[in-house]
Amino acid sequence: MITGGRVEPTRNTLALETLVAAISDSPEQGLGPEAMVILSLCQGLLSVAEVAAHLRQPITVVKVLLADLIDAGLILARPPIPVADHPDKALLREVLDGLRRL
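Everything quoted here is computed from the prediction, not taken from an experiment.

### What about a nonpolar patch on the surface?
Okay, so step 1: Together, Leu 91, Val 95, Leu 99 and Leu 102 make up an exposed nonpolar region whose accessible area comes to about 450 Å².
Okay, so step 2: Tracing the chain through its elements places Leu 102 in the segment after α4 (89-101).

This is the structure in structure tokens:
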């Protein structure tokens, strides 16, 4: 009921660690109670997982609600920073050997 029967968000970019924040602190008319709670919670940065925990709703439900709020221009999402590639061990070994020769 909360999502109107939808099980997939309109965007597939909401990872658990994606940070979300409300763009405006004034509530919008015509929003459901869950959307209003999300806007209230997101006055500061929260992760998608934290929003789900506060709402005590499954992550899939929260992703659908957040995607709707993002599409409406009420929530801003900042995708997680990708993990840097690990340096090549052979390269690190060469650097270490070079430093030892100094």
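Let us keep going from here.
### A closer look at the sheet that holds strand β3 (residues 75-78)
Sheet strands line up and pair through hydrogen bonds in the backbone, either parallel or antiparallel.
Okay, so step 1: Spatial ordering of the open sheet is given by β2-β1-β3, a layout of three strands whose pairing is antiparallel. The sheet is open, and its two borders are formed by β2 (46-47) and β3, each paired with just one other strand.
Okay, so step 2: Note: strand β1 (residues 19-22) against β3, four bridges, orientation antiparallel. Within β3, the residue paired with Val 20 across the bridge is Ala 77.

What counts, and where the lines are drawn
- Residues numbered from 1 in each chain as written.
- Predicted model: local features only at pLDDT ≥ 70, side-chain atom pairs only at ≥ 80, totals over all residues.
- Heavy atoms only, no water.
- Patch = residues over 30% accessible without salt bridge, like charges linked within 9 Å, V, L, I, M, F, W, Y side chains within 5 Å.
- Areas by Shrake-Rupley, 256 points an atom, 1.4 Å probe, with all protein chains shown as cover.
- Salt bridge = Lys/Arg side-chain N within 4 Å of Asp/Glu carboxyl O.
- Helix = DSSP H or I, 4+ residues; strand = E, 2+ residues; numbered from the N terminus.
- Pairing = 2+ DSSP bridges.

As far as function goes, none of this settles anything; it's purely spatial.
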